[in-house]
Amino acid sequence: MERLLVSGPSITQKEIDYVTDAVTRCWYSDANIYHNKFEKAFAEYVGRRYAIALPSCTSAIHLSLLALGIGPGDEVIVPDITWIASAAPIHYVGAIPVFADIDSKTWCLSAESFESCITSKTKAVIPVDLYGNMPNMDQLCQIAQKHGIAVIEDAAEAIGSEFNGKQAGGFGDTSVFSFHGSKTLTTGEGGMLLTDREDLYQRVLVLRDHGRLPDDKMFFNSEVAYKYKMSSMQAALGLAQLERIEELITRKREIFAWYAESLAEVEGITLNYERLGTKNTYWMITAILDSKYNLKKEALITLLDKDGIDSRPFFFPLSSIPAYANHPQAELARQRNKISYTLSPYGVNLPSGLYLTQEKVAYVANTLKGILQLAP
Ligand SMILES: Cc1ncc(COP(=O)(O)O)c(C=O)c1O
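It should be emphasised that the depicted structure is a prediction, and the values quoted were computed from it without experimental measurement. What you see as residue numbers is a count from 1 along each chain, following the sequence as written. Selection of residues for local features in this predicted model requires a pLDDT of at least 70, selection of side-chain atom pairs for listing and counting requires 80 or more, and totals for whole chains, interfaces and linings are taken over all residues. As a rule here, side-chain values cover all heavy atoms of the structure and leave hydrogens and water aside.

Undergrad: Give me the lowdown on the overall build of the protein, citing residues and values where you can.
TA: Secondary structure summary: the protein contains 13 helices and 14 strands in total. For the protein, the spread of C-alpha atoms along the three principal axes comes to 70 × 55 × 35 Å. We call a residue buried when its accessible area falls under 20% of the maximum for its residue type, exposed when it is over 50%, and partly exposed in between, using a 1.4 Å probe and counting protein chains only. Here the protein, with 376 residues, has 57% of them falling under the buried criterion. For the protein, the share of sequence-separated contacts (at least 6 apart) that also reach a separation of at least 24 residues comes to 71%. Each accessible area value is a Shrake-Rupley result obtained with a 1.4 Å probe; residue values ignore everything except the protein chains displayed when judging cover. Taken as a whole, the protein presents about 15900 Å² of accessible surface, with 54% of it coming from carbon and sulfur. The positive count covers Lys and Arg only, the negative count covers Asp and Glu only, and His and the chain ends enter neither. The atoms used to mark charge sites are NZ of Lys, CZ of Arg, CG of Asp and CD of Glu. Considering the protein, the positive charge centre built from 36 side chains and the negative charge centre built from 44 side chains are found 2 Å apart. Only DSSP runs of H or I with at least four residues qualify as helices, and only runs of E with at least two residues qualify as strands; both kinds are numbered from the N terminus onward. We call two residues in contact whenever any of their non-hydrogen atoms come within 4.5 Å of each other.

Dropping the structure here:
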């Protein structure tokens, strides 16, 4: 069997046709044809008023923070378990990241830990819809509202997920998505910022276009800002993928169901959780081993690799990585975030690409079972 990669897109003739069309005719005055369609369809899909296509989700978080007026000295709470992209833009604006613990079941931001991290300097929270799951967004938004804190929902990994009937990306002052090559809906690289607030929408449009106001004289910019734009080819690819979104999500859920079935009888493996009322779209199918196996993620990844299976470590707590070695907030988080530090050493993302078949999933599951039988 060929090497099983951890992720991989689903590209059909539709994607090839749309991108070919964009590269053939969408230039100069027609350059935004696909952006307009993609943004409109995306906003409708998520159920928000405005959507702005961007070069990445990282830029969407950066612009969200800027538009919300967050800057030097302000604190922004993020879960300790996430990709560094959720936290890096906090530094771009000169603010301070505060790392809160996660919930033991959803692996997303714990509402209790979030509330305990709030200080008079807290200006925003960035809950992350980790691996396609969702935190208790109702509770998080209530706490944020009570304390006057802005919410940026990081839905990078969760297109199509739902919490109590509301789509991922439907919460907060802004929400953000990633269309990186590993994502369920991909544009190669790319992102989207969504909001219902007219003021934030208008501000982001200016910030992402070198500070040009709609009525500015040509080349006579009102302020110094950023250049964050997606290309027509990416927007065309995104539109084609969005038109197939139900198929892509159904596939992800099917792949998860194959894993769940194949691993059901193995004791001491916890897969992604789906709470009643949440729809999980399982961006990364993840296994956390019971510590009784005495098999840490790095060792498991090496063993799977020998059998041609690519896997990835469950995110390390941000407070534990070299980038934050000397950060005072990381020191506090290392002492506080018991769940992050208990789960992370034993978690592995298994192959989750849209190319997978039931046979390939069975091969991964059987290999994993074999490894566990031999575990010390
Ligand atoms: C949770 C999370 N936030 C943000 C990002 C950043 O996305 P991008 O690579 O599009 O900037 C990612 C991407 O992997 C992510 O997983």
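Undergrad: Break down the site of the ligand for me, citing the residues and quoting the values.
TA: The nearness test applies per residue and asks whether one of its heavy atoms lies within 4 Å of the molecule or strand. Close to the ligand lie 14 residues; Thr 58, Asp 154, Glu 157, Ser 178 and Lys 183 are nearest. Residue Asp 154 places a side-chain N or O atom 2.7 Å away from a nitrogen atom belonging to the ligand. In the complex, the protein chains occlude 91% of the 390 Å² of accessible area that the ligand would expose alone. Note that Gly is not counted as nonpolar here; it falls among the polar residues with everything else outside the nonpolar set of Ala, Val, Leu, Ile, Met, Phe, Trp, Tyr, Cys and Pro and the charged set of Asp, Glu, Lys and Arg. In the shell around the ligand, the residues fall into five nonpolar, six polar and three charged. The definition of a polar contact used here is a pair of N or O atoms within 3.5 Å, where within protein one atom must be able to donate a hydrogen and the other to accept one, and adjacent residues in sequence count solely through side-chain atom pairs.

Undergrad: An account of the nonpolar core is needed here, citing residue identities and associated values.
TA: Throughout, nonpolar core names a set of buried Ala, Val, Leu, Ile, Met, Phe, Trp, Tyr and Cys residues whose side chains join them through atoms within 4.5 Å. In this structure, Phe 38, Phe 42, Phe 114, Phe 177 and Met 192 are the most contacted members of the largest nonpolar core, which totals 48 residues. Broken down by element, the residue count for this core peaks at six residues, all from helix 2 (residues 33–46).

Undergrad: Describe the sheet that holds strand 13 (residues 312–313), with residues and values.
TA: DSSP calls a pair of strands paired once it identifies at least 2 bridges connecting them. Spatially, four strands are ordered 10-12-14-13 in an open sheet, and the strand pairing comes out antiparallel. Each end of this open sheet is capped by a strand with a single partner; those strands are strand 10 (269–271) and strand 13. The sheet contact formed by strand 13 and strand 14 (residues 347–349) spans two bridges and is antiparallel. Within the sheet, the bridge partner assigned to Arg 312 lies in strand 14 and is Asn 349. Against the sheet, helix 10 (residues 297–306) contacts strand 12 (286–289), strand 13 and strand 14, and its axis sits at roughly 35 degrees relative to strand 14. Only the stretch in contact is used when fitting a helix axis, every axis being a line fitted to C-alpha atoms; angles between N-to-C directions are given from 0 to 180 degrees.

Undergrad: Would you mind going over helix 1 (residues 13–25) in detail, with residue names and values included?
TA: Given the number of residues in a helix, its expected span is that number minus one, multiplied by 1.5 Å. The end-to-end C-alpha distance of helix 1, which contains 13 residues, comes to 18 Å, matching closely the 18 Å that a straight helix rising 1.5 Å per residue would cover. When helix 1 is considered as a whole, its buried residues turn out to be Glu 15, Tyr 18 and Ala 22. Down the axis of helix 1, the smallest arc covering the buried residues is 70 degrees, so these residues share one side. Counted as exposed and oriented over 90 degrees from the buried face of helix 1: Gln 13 and Thr 24. Contacts from the buried residues of helix 1 go to helix 2 and helix 8 (232–242). This arc is built from the directions going out from the helix axis to the C-beta atoms.

Undergrad: Describe helix 3 (residues 57–67), listing the residues and the values that go with them.
TA: Residues that lie three or four places apart on an α-helix share one face, since the helix turns once every 3.6 residues. A large share of helix 3 lies buried, amounting to nine of its 11 residues. Burial in helix 3 covers these residues: Cys 57, Ser 59, Ala 60, Ile 61, His 62, Leu 63, Ser 64, Leu 65 and Ala 67. Remark: Gly 69 follows helix 3 within two positions and exhibits a positive phi of approximately 80 degrees.

Undergrad: An account of the packing of aromatic side chains is needed here, citing residue identities and associated values.
TA: Side-chain rings of Phe, Tyr and Trp, where Trp is taken by its six-membered ring, are said to pair if the distance between their centres is within 6.5 Å; with planes under 30 degrees apart they count as stacked, over 60 as edge-to-face, and otherwise as tilted. Throughout the structure, instances matching the rule amount to 15 aromatic pairs. Seen in terms of ring centroids, Phe 256 and Tyr 282 are 3.7 Å apart; in terms of plane orientation they differ by 0 degrees. Their pairing is stacked. Taken together, the positions of Phe 256 in helix 9 (residues 245–262) and Tyr 282 in the loop between strand 11 (278–279) and strand 12 put the pair 26 residues apart, joining distant regions of the chain. Each of the two residues, Phe 256 as well as Tyr 282, counts as buried. Through pairs of rings, three or more aromatic residues link up here, namely Trp 107, Tyr 131, Trp 283, Phe 314 and Phe 315. We note Lys 37 situated over the ring of Tyr 34; from NZ or CZ to the ring centre the distance is 5.4 Å. The side chain of Lys 217 reaches across the aromatic face of Phe 220, ending 4.2 Å from its centre. Our definition puts a charge over a ring when NZ of Lys or CZ of Arg is within 6 Å of the ring centre and also within 35 degrees of the ring normal.

Undergrad: Any details on unusual backbone geometry? Residues and values, ideally.
TA: Residue Trp 107 is not a glycine yet carries a positive backbone phi of 65 degrees. Within the fold, Trp 107 resides in the loop between strand 3 (96–100) and helix 5 (111–117). Of note in the backbone geometry, Asn 164 takes a positive phi value of approximately 45 degrees without being a glycine. Along the chain, Asn 164 falls in the loop between strand 6 (162–163) and strand 7 (166–167). We classify Asn 164 as partly exposed; its relative accessible area is 42%.

Undergrad: So what about the environment of Tyr 346? Which residues, and what values?
TA: Its location among the elements puts Tyr 346 in the loop between helix 12 (338–343) and strand 14. Taking C-alpha positions, Tyr 346 is 9.8 Å from Ile 269, a pair spaced 77 residues apart along the chain. In contact with Tyr 346, not counting residues within four places along its chain, are Ala 287, Ile 288, Leu 289, Ser 291, Leu 295, Lys 296 and Lys 297.

Undergrad: Hey, could you go over the pattern of salt bridges for me, with residue numbers and the actual values?
TA: Each salt bridge in this description consists of a side-chain nitrogen of Lys or Arg and a carboxyl oxygen of Asp or Glu lying within 4 Å of one another. One pass over the full model with this rule turns up 20 salt bridges. With a closest N to O distance of 3.1 Å, Lys 360 and Glu 2 form a salt bridge. Taken together, the residues Lys 360 in helix 13 (residues 358–374) and Glu 2 in the segment before helix 1 connect sequence positions 358 residues apart. Here Glu 2 falls in the partly exposed class, since its relative accessible area comes to 47%. For Lys 40, the salt bridge goes to Glu 44, with nearest N and O atoms at 3.3 Å.

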